[in-house]
Amino acid sequence: MLSIKNLHVSIADKPILKGINLQINAGEIHAIMGPNGSGKSTLAHVLSGKSGYTVTEGSVTYNTKNLLAMEAEIRAREGVFLAFQYPVEIPGVSNIYLLKAALNSIRKYQGQPEVDAMDFLTLVKEKVRLLDMDEKFLYRAVNEGFSGGEKKRNEILQMAILEPKLCIMDETDSGLDIDALKVVAQGVNSLRSPERSFIMVTHYQRLLDYIKPDFVHVLANGQIVKSGGADLALELEEKGYGWLEEQAAA
Amino acid sequence: MNTATASRYTAEYQTLAPTLPGQTLPWLKQLRCRALEKFSAHGFPSPREEEWRYTNVSAIEKKLFSPSLSLTTPPVDKVWLKGCQLEDAWSVVLVNGRFSAELSVLDGLPEAVSLMSMADALTASPAIAPLVEKYLGQAVNYSEHGFIAFNTAWFTDGLLLHVPAGQVLAKPVQLLHVVTQAETMATTRTIIIVGEMAEAKVIETFAGVDNSYLTAAVTEVFIDQNADLTLYKMQSESEKAYHFGGTYVKQGKDARFTHHNFALGGLLARSDILTDMDQASECELNGLYLGVKRQHIDSHTRINHLKPHAISREIYKGVLDDRARGVFQGRVIVAEDAQKTDSQMNNRNLLLSDNAEADTKPQLEIYADDVKCGHGVTVGQLDESSVFYLQSRCIDEETARNMLTFAFANEMVDKIRIKSLHDKVLEQVLLRFPQEGIEKSWL
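Criteria and cut-off values
Residues numbered from 1 in each chain as written. Chains lettered and ligands numbered in written order. Predicted model: local features only at pLDDT ≥ 70, side-chain atom pairs only at ≥ 80, totals over all residues. Heavy atoms only, no water. Helix = DSSP H or I, 4+ residues; strand = E, 2+ residues; numbered from the N terminus. Rg over C-alpha atoms; globule rule 2.2 N^0.38 Å. Contact = heavy atoms within 4.5 Å. Buried < 20%, exposed > 50% of the residue type's maximum accessible area, 1.4 Å probe, protein only. Polar contact = N/O pair within 3.5 Å; in protein donor to acceptor, adjacent residues only side chain to side chain. Pairing = 2+ DSSP bridges. Axes fitted to C-alpha atoms, helices over the stretch in contact; angles between N-to-C directions. Buried area = accessible area lost by both parts, 1.4 Å probe. Salt bridge = Lys/Arg side-chain N within 4 Å of Asp/Glu carboxyl O. Expected span 1.5 Å × (residues − 1). 1 Å grid on protein atoms, 1.4 Å probe; cavity = no way out; pocket = protein on both sides within 12 Å on 5 of 7 lines; lining within 4 Å. Points joined across faces, edges and corners; volume = space filled by probe spheres on them. Nonpolar A, V, L, I, M, F, W, Y, C, P; charged D, E, K, R; others polar. UniProt positions renumbered as here; feature names shortened; annotations may be inferred.

Novice: Got a minute to help me understand the overall build of chain A in this structure?
Specialist: A count of helical and extended segments in chain A gives nine helices and 12 strands. Scaling as 2.2 N^0.38, a compact globule of 250 residues should have a C-alpha radius of gyration of about 18 Å, and chain A matches this with 18 Å. Counting only C-alpha atoms, chain A reaches 60 × 40 × 35 Å along its principal axes. In chain A, the proportion of contacts linking residues at least 24 apart, taken out of those at least 6 apart, comes to 69%.

Laid out in structure tokens, this is it:
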């Protein structure tokens, strides 16, 4: 599904990613872990098309297409979804408006007619229940005045409705208490399918207790210094990142 | 100051004076004379006056607008008027500065409530005329500035709304000011009195023909103890028109005043919103100004915390495109006696073009020592992280920018609690900005 080859990325001439190689197949969950400043969020942003990053070398192929050549909205319509670490508040636009606009953008891109108003409402309400949210959320402005947990839940709601193929989750567990984390994890788990892949960028192992990854990669100083199975996360929890950074530097 | 203009108006005044209402009342005649003297000497406000620094009204001085002399209502395009009139409100209509009984809709107005033209109020019943004498000029003095003097000397009509103590109005009242003739001046004086424990919602709407004219409207508002008034101002004058509209408020103890100022029209438009707050009163000032082409829109507010424990909240937002200029001057004055004042003022401006300009000047003057006051100002472009957020949700960049611009303004529109007014304002707001990609039916 996604093939990252020798990816080098700079921000304002400062190299951040220094040769990332990563192969993600359909249905897999990959966790990207690493210390602060290792380039985890940069990787998530570059894949989703945020401006301000310069790719100096390497390629990213997404379902045989050159992902890096697409505008951010085209990537999204092609099924790449970024769940933000800090979801943006947009006063003046209601949640339901955004959901409808997003879903219809995808449908238009795929040559399908606009979603029927009743079907849309039924779909949205079903997902709202799934995420244990109040229906009133739909009519509030996007993320405005939401608590940290509510914002993250809202990201998962969008994900559930847009049904992306590749979900990139940037520090989804940060700022969540254990109850909110469980709800979010439950939402993600319900979206797991053989056709859908996940990249979970996280600093902590905690999230992985609830969403079990197939692979864990450790990013340090712009490179993947170690890859392994779910057990690697436990090892990191125990030993920290220091030993891997030392190994990489040696 | 242009006294040549002033003397032209003063010369005309002699012939027109007999047509002005209330000329048989000595107190009013005297008041008008004093105001005229003031105007003759000083003319319209000059940019040298601190509160008119950013707004030069010399374009108004170059013209000579004439008041409408006819006491009968001129022909008004009914379809157009219907577009301005709110269906679910009592609606009183002033055409070219004079009351029109035939266009007004007052069916079912409670008997205890007085709603009539200023001309009628001055001459009609023995109960009402003394009210006018008691209140006119009490919320604002003609010496405040040239437009008040001008209005006091020249008002051809206006409205009086008196909601007696304890009365809660079931429907909003719309005061609709329209101008149908080019080069006319519509100079009106309105008094709103909300008695103790009473509640009312009032909408002042300003609109006119696609031509040059001058609106100079002054509204004095008196909100008695523990009474509640929500006042909306919908200024959608023609884009060639000149507008001055002043709202001057006196709030009693525990009185609540909410103002929504939608400044959308006019080539040169200025609003004054001034309120004097008594103990534990509350006021909320919301404003939205949208400027396109060469519009100049000035919003001037002053909140006077005179007594302790009063709360004021103010947020004004501006969106300026093309060569438009927006001005916000907000003053909060906390008197020495006004301990425990709680005041927040905010002004946010969005510039959509390199040639657009926002001048903003928040001022806090605090003479008490135990208060909580804050203010904030921003002038800028759209937030790029919001644009990216929408793009990451499948929305193309142009639509994202249009949505965010609209949303910036819509935050203020969403505060309107009267459905029919909300829809009208929304329609006007949408007209002023690129709508590509915005689905109106989903809003």
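This is not the end of the story, as more comes after the structure.
Novice: Hey, could you run me through the environment of Y86 of chain A in this one?
Specialist: All names here are of chain A. The residue Y86 is located in the loop between β6 (80–83) and β7 (90–94) in this model. By relative accessible area, Y86 is classed as exposed at 64%. The spacing of Y86 and F137 is 51 residues in sequence and 18 Å in space, taken between C-alpha atoms. At 3.3 Å, the side chain of Y86 forms a polar contact with the side chain of Q85.

Novice: Honestly, the sheet that holds strand β2 (residues 90–95) of chain B in this entry has me stumped. Any pointers?
Specialist: Residue and element names in this part refer to chain B. Spatially, the 10 strands line up as an open sheet ordered β3-β2-β6-β8-β10-β12-β14-β16-β18-β20, and their pairing is mixed. The sheet is open, and its two borders are formed by β3 (98–105) and β20 (372–380), each paired with just one other strand. If you compare each strand with its neighbour and ignore which way they point, the axes differ by 10° on average. This element, helix α9 (residues 397–413), spans β12 (256–263), β14 (282–291), β16 (311–320) and β18 (342–351) of the sheet and lies at about 150° to β16.

Novice: How should I be thinking about the interface of chain A and chain B in this particular structure?
Specialist: As a measure of interface size, the accessible area lost when the parts come together is often cited. Across the boundary between the two partners, chain A contributes 34 residues, which contact 23 residues of chain B. Overall, the association of chain A and chain B removes approximately 2,300 Å² of surface from exposure, summing both partners, and the carbon and sulfur fraction of that is 67%. For the pair chain A and chain B, the number of links is one salt bridge. Put simply, E155 of chain A and R393 of chain B hold a salt bridge, and the shortest N to O gap is 2.7 Å. Our enumeration of links across chain A and chain B arrives at 11 residue pairs in polar contact (both at pLDDT 80 or more).

Novice: Please clarify how helix α6 (residues 178–191) of chain A should be interpreted in this entry.
Specialist: Because the α-helix completes a turn every 3.6 residues, residues three or four places apart line up on one side. Residues and elements named next belong to chain A. With 14 residues, α6 ought to run about 20 Å at 1.5 Å a step, and its terminal C-alpha atoms sit 20 Å apart, in line with that. In this structure, the buried residues of α6 make contact with α5 (148–162), β9 (166–170), β10 (197–202) and α7 (206–210). For α6, the side-chain oxygen to backbone nitrogen distance between the N-cap and D179 is 3.1 Å, and the N-cap itself is D177.

Novice: Where do I start with the layout of surface pockets in this structure?
Specialist: To find leftover empty space, one rolls a probe the size of a water molecule over the atoms. Estimated volume of the largest pocket: approximately 700 Å³. Looking at the largest pocket, it is lined by 30 residues, and the ones nearest its centre are S94 and Y139 of chain A together with N410, D414 and L443 of chain B. Its residues placed into classes, the lining of the largest pocket shows 16 nonpolar, five polar and nine charged. Roughly 560 Å³ of volume is contained in the second largest pocket. Taken together, 26 residues make up the lining of the second largest pocket; nearest its centre are S236, E237, Q428, L431 and R432 of chain B. Elements that contribute at least two residues to the lining of the second largest pocket include exactly α4 (78–84), β8 (199–208) and α10 (419–431) of chain B.

Novice: Looking at this model, I keep getting lost on the pairing of strand β1 (residues 2–11) of chain A. Mind explaining?
Specialist: Two faces belong to every sheet, and in a regular strand the side chains alternate between them. Residues and elements named next belong to chain A. Within β1, seven of the 10 residues are buried, leaving the element largely enclosed by the surrounding structure. Pairing of β1 with strand β4 (residues 54–62), which is carried by seven bridges, proceeds in the antiparallel orientation. Residue pairing in the sheet places V9 in a bridge with V55 of β4.

Novice: Help me understand the sheet that holds β1 of chain A in this model?
Specialist: All names here are of chain A. Taken together, the four strands give an open sheet; going across it, the order is β2-β1-β4-β5, and neighbouring strands pair in antiparallel fashion. This sheet does not close on itself; its edge strands, each paired only once, are β2 (14–24) and β5 (65–66). Taken together, the two bridges between β4 and β5 define a ladder with antiparallel strand orientation. When the sheet's bridge partners are listed, T61 is paired in β5 with N66. The strands that helix α1 (residues 40–48) touches are β1, β2 and β4; relative to β1, the one it contacts most, it runs at about 110°.

Novice: Which parts of the structure should I look at to understand the UniProt feature "domain: SUF system FeS cluster assembly SufBD core" (unreviewed entry) in chain B?
Specialist: In this numbering, the UniProt entry assigns the feature "domain: SUF system FeS cluster assembly SufBD core" (unreviewed entry) to residues 179–408 of chain B. Between the C-alpha atoms that bound residues 179–408 of chain B the distance is 31 Å, and the span itself is 9% helix and 60% strand.

Novice: In this structure, what is going on with empty space enclosed by the protein? I would like to understand it.
Specialist: Residue and element names in this part refer to chain B. For the coordinates displayed, the defined rule picks out two cavities of 30 Å³ or more. As a volume, the largest cavity reaches approximately 40 Å³. The wall of the largest cavity is formed by S68, S70, L71, T72, T73, P74, V95, R98 and F99. Residue classes in the lining of the largest cavity are distributed as four nonpolar, four polar and one charged. As a volume, the second largest cavity reaches approximately 40 Å³. Residue assignment for the lining of the second largest cavity shows that the elements contributing at least two residues are β6 (173–179), β7 (184–194) and β8. When the residues that make up the lining of the second largest cavity are grouped by side-chain class, the tally is six nonpolar, four polar and no charged.

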